[in-house]
Amino acid sequence: MNFSFVSLFPHLLEFYFKDSILFRALEKKIINIKFYNPRDFTSDIYRKVDDYKIGGGAGLLMQIEPLFKTLTFIKQQDEKSHFIFLSPSGKTFNQKDAKRLSEKEHLVFICGRYEGIDERVFEIFANEIFSIGDFILTGGELPALTLCDAISRNIKGVLGNFKSLEEESFEVDLLEAPAFAKPFIFEDRYHKKNSTPSVFLKGNHAKISDLKNTLASCKTKFFRPDLFLEHERKK
């Protein structure tokens, strides 16, 4: 899988791939990353990429020409490039999108800055537009990294144990069941003995599975009642 990032601040993105799971995926060449700065595609000596909005309004906007040249260059290098824009006006990204997009060959994330991007760039290039929530950030770099991380985990070989994806939240329309690690019994000043569920210690996999399903339902009902109702409706 190839990931490309179009950003005025590529150094904000580079650090994320210098450690942990995605770093190992890069070393194994399971994923590849490239960075493109629209300033490198400007034609003036000041490398100007922003201007005031036509018709007035607060703030500056990313101009069409540098982005147009950048994305045209990427498309010429790879016709299979799939352009993803990050915008609060986009569809909210979810796990189903992550799994679907993990099948693509080349994803290009376009990270906006300032007050956004000239609308004509969306109209010409956007294959999909995603949001990570109903709030505003200073740029699209964090959402782009969020999508890249979520998508990468669904590519075979990125995770050490690919089967771990099967029990994660949203795979069966429920949140993942609560999980526990050693010690089995933890003592502190507030809870003299805080124990893990005893069923987990007895090795009966059928009972453990039933308990996990029950706990997952309870957790979903408490934290995400909307998701729980949707799960119940599908039964």
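Up top you'll find the structure we're talking about.
Reading the values: the criteria
Residues numbered from 1 in each chain as written. Predicted model: local features only at pLDDT ≥ 70, side-chain atom pairs only at ≥ 80, totals over all residues. Heavy atoms only, no water. Helix = DSSP H or I, 4+ residues; strand = E, 2+ residues; numbered from the N terminus. Buried < 20%, exposed > 50% of the residue type's maximum accessible area, 1.4 Å probe, protein only. Contact = heavy atoms within 4.5 Å. Areas by Shrake-Rupley, 256 points an atom, 1.4 Å probe, with all protein chains shown as cover. Polar contact = N/O pair within 3.5 Å; in protein donor to acceptor, adjacent residues only side chain to side chain. Salt bridge = Lys/Arg side-chain N within 4 Å of Asp/Glu carboxyl O. Axes fitted to C-alpha atoms, helices over the stretch in contact; angles between N-to-C directions. Parallel < 35°, antiparallel > 145°, perpendicular 65-115°, else oblique. Nonpolar A, V, L, I, M, F, W, Y, C, P; charged D, E, K, R; others polar. Pairing = 2+ DSSP bridges. Expected span 1.5 Å × (residues − 1). Arc of directions from axis to C-beta.

Chemist: Looking at this structure, how should I read the overall build of the protein?
Modeler: When you go through the protein residue by residue, the secondary structure sums to 8 helices and 9 strands. Seen through its C-alpha atoms, the protein measures out along the principal axes to roughly 70 × 40 × 40 Å. Taking all 235 residues of the protein together, the buried fraction comes to 37%. Of the contacts formed within the protein by residues at least 6 apart in sequence, a portion of 71% connects residues at least 24 apart. Taken as a whole, the protein presents about 14,800 Å² of accessible surface, with 55% of it coming from carbon and sulfur.

Chemist: I tried to follow the environment of D78 on my own but got confused; where do I start?
Modeler: With respect to the helices and strands, the residue D78 is situated in the loop between α3 (64-77) and β5 (82-92). Residue classification places D78 among the partly exposed residues on the basis of a relative accessible area of 22%. Along the backbone, D78 and E230 are 152 residues apart, and their C-alpha atoms lie at a distance of 40 Å. Of note is the side chain of D78, whose polar atom sits 2.9 Å from the side chain of H106.

Chemist: In this structure, what is going on with the pattern of salt bridges? I would like to understand it.
Modeler: A full pass over the atoms with the stated rule returns 10 salt bridges. When the shortest N-O distance is used, the salt bridge between R47 and D40 registers 2.5 Å. Of the charged contacts in the structure, one is a salt bridge between E128 and R100, with a shortest N-O distance of 2.8 Å. Taken together, the residues E128 in strand β7 (residues 128-131) and R100 in helix α4 (residues 95-101) connect sequence positions 28 residues apart. If you follow the salt bridges from partner to partner, you end up with K91, D97, R100 and E128 in one network.

Chemist: Explain the packing of helix α7 (residues 205-223) against helix α8 (residues 225-234) to me, please; I cannot follow it from the model alone.
Modeler: The relative placement of two packed helices is expressed as an angle between their axes plus a distance between the axes. Running from N to C, α7 and α8 cross one another at 130°; their axes reach a closest spacing of 5 Å. One finds that α7 runs oblique with respect to α8. Packed against α7, whose contacting residues are S217, T220, K221, F222 and F223, the element α8 presents P225, L227 and F228 at the interface. Class assignment of the residues belonging to the contact of α7 with α8 gives a composition of 5 nonpolar, 2 polar and 1 charged.

Chemist: It is not clear to me how the sheet that holds strand β1 (residues 2-6) should be interpreted in this structure. Could you clarify?
Modeler: Two pairing modes exist for strands in a sheet, parallel and antiparallel, and in both the strands are linked by backbone hydrogen bonds. Reading across from one edge, β2-β1-β6-β5-β7 is the order of the 5 strands in this open sheet, with parallel pairing throughout. Each edge of the sheet is formed by a strand with only one pairing partner; in this case those strands are β2 (32-36) and β7. Neighbour-to-neighbour, the strand axes of the sheet open up by a mean angle of 30°, direction not taken into account. As defined by bridge partners, β5 adjoins β7 across 5 bridges and the pair is classed as parallel. Paired with L86 across the two strands is F130, which belongs to β7.

Chemist: Sorry, what's going on with α7 here?
Modeler: An α-helix turns once every 3.6 residues. As a result, residues three or four positions apart point the same way. Taking 1.5 Å of rise per residue, 19 residues should cover 27 Å, and α7 covers 26 Å from first to last C-alpha, within 8% of that figure. For α7, every residue scored as buried is listed here: I208, A216 and T220. All buried residues of α7 project into a common sector of 100° when viewed along the axis, lining one side. Exposed residues lying more than 90 degrees from the buried face of α7 are A206, K207, K221 and F222. On its buried side, α7 packs onto α8.

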